[in-house]
Structures are given as C-alpha cells and as structure tokens.
Amino acid sequence: MKLSPLYGSGVSCGFPSPADDHKEAALSLDQHLITSPAATFLARANGDSMQNLGIFDRDLLVVDRSLIPIHGDVVVVALDGQLTCKVLDRQQGRLLSANDKYAPIPIWEGQELIVEGVVKASVRYHRPC
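Reference entry: report on the structure contained in this document. (Residues numbered from 1 in each chain as written. Predicted model: local features only at pLDDT ≥ 70, side-chain atom pairs only at ≥ 80, totals over all residues. Heavy atoms only, no water.)

**Let's talk about the environment of proline 69**
Put simply, the test is: Strands are runs of DSSP state E lasting at least two residues, helices are runs of H or I lasting at least four, and both sets are numbered from the N terminus onward. Residue burial is assigned from relative accessible area. The probe radius is 1.4 Å, only protein chains are included, and a residue is buried under 20% of its type maximum, exposed over 50%, and partly exposed in between. Pairs of residues are marked as contacts when any of their non-hydrogen atoms sit within 4.5 Å.
Looking at the secondary structure, you find proline 69 in the loop between β4 (60–64) and β5 (74–79). The buried category is assigned to proline 69, whose relative accessible area is 16%. Sequence-distant contacts of proline 69, defined by excluding residues within four places in its chain, comprise Val75, Leu88, Arg90, Val115 and Val118.

**What about the side chain of aspartate 59?**
Heads up, the condition is: Within 3.5 Å is the distance limit for a polar contact, defined as a pair of N or O atoms, with the added protein rule that one can donate a hydrogen and the other accept it, and that residues adjacent in sequence qualify only through two side-chain atoms.
Here aspartate 59 shows up in the loop between β3 (40–44) and β4. Classification of aspartate 59 by relative accessible area gives buried; the value is 2%. Only 2.8 Å separates the side chain of aspartate 59 from the backbone nitrogen of phenylalanine 56, close enough to count as a polar contact. For aspartate 59, the contacting residues outside a window of four places in its chain are Ala43, Arg44, Ala45, Gly54, Val123, Arg124 and Tyr125.

**Observations concerning the nonpolar core**
So the rule is basically this: As used in this record, nonpolar core signifies buried Ala, Val, Leu, Ile, Met, Phe, Trp, Tyr and Cys residues forming a set joined through side-chain atoms within 4.5 Å.
Listed in full, the 11 residues of the largest apolar core are Ala45, Met50, Ile55, Leu61, Val63, Val74, Val76, Cys85, Val87, Ala98 and Val119. Once residues lying within four places of it in the same chain are set aside, the contact partners of methionine 50 are Ile55, Val74, Cys85, Lys86, Val87, Leu96, Ser97 and Ala98. Counting 6 residues, the second-largest nonpolar core is a separate cluster that includes Val75, Val77, Leu88 and Leu95.

Right, here's the structure in full:
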C-alpha cells in the first residue's frame, strides 16, 4: 500500500486559489476506495453503455462483493454466463444501461443471474496507460 500526499482542500477547476498550497495528510487509495479487501476486485469497463453515469470505456471499476445490492445500484452481473455492468432495477426485474442507445435487459424466470458485486467507485484514466 503506497501513501500519496493529499492536499488540504479541493483542487479548483475554475480559477486557482493561492491559499490551497498546503498538503494535509497522506492518503492510500486502497484505504480510500477499498473497505473490504477480501471481497473487492477490480474490473475494466468495456463499451459505452454506462457513460451517462460517468463510467466510460477502459475505466477501472472497484467492485465490492460484500455489499448487498439494492435497487438503483450499479452492479457487475453474470447474466447467462456473460459479465456486464448495469444499473439494477429490482422493481421491474431488469438491468438498465446508462445510455439511451441501449434498451433495458429484462431478467426472465429461469435465467441465470449472478450479482458479482456492487460498483463502489470507478477510476478514469485521462491519459492512456
């Protein structure tokens, strides 16, 4: 686990503030993003179906298996053996994309659906790795 410096206030995305030159404490991304290490895995997003929720192609997903999925959670599921990342719609029994190009995916009786975990966070790369 590597500790990186954390600035004491947010980074302005408008005009810079000269008062923000002070570092706070060190921050471990593991400690910040992963609360249940034994139940957490990382996955790479593939495609554009979740872009309206800020999850883009090649983003890194932090997926927590210890969380109980609830209506509206972003989840990674295995649907008939195929992994996908969608919004869980428990009320209507379906999986939703976050892009109007894609129709909801109904979950039919007898279909194999395994919720692999809840997406707790995503990390976007602004420069290709």
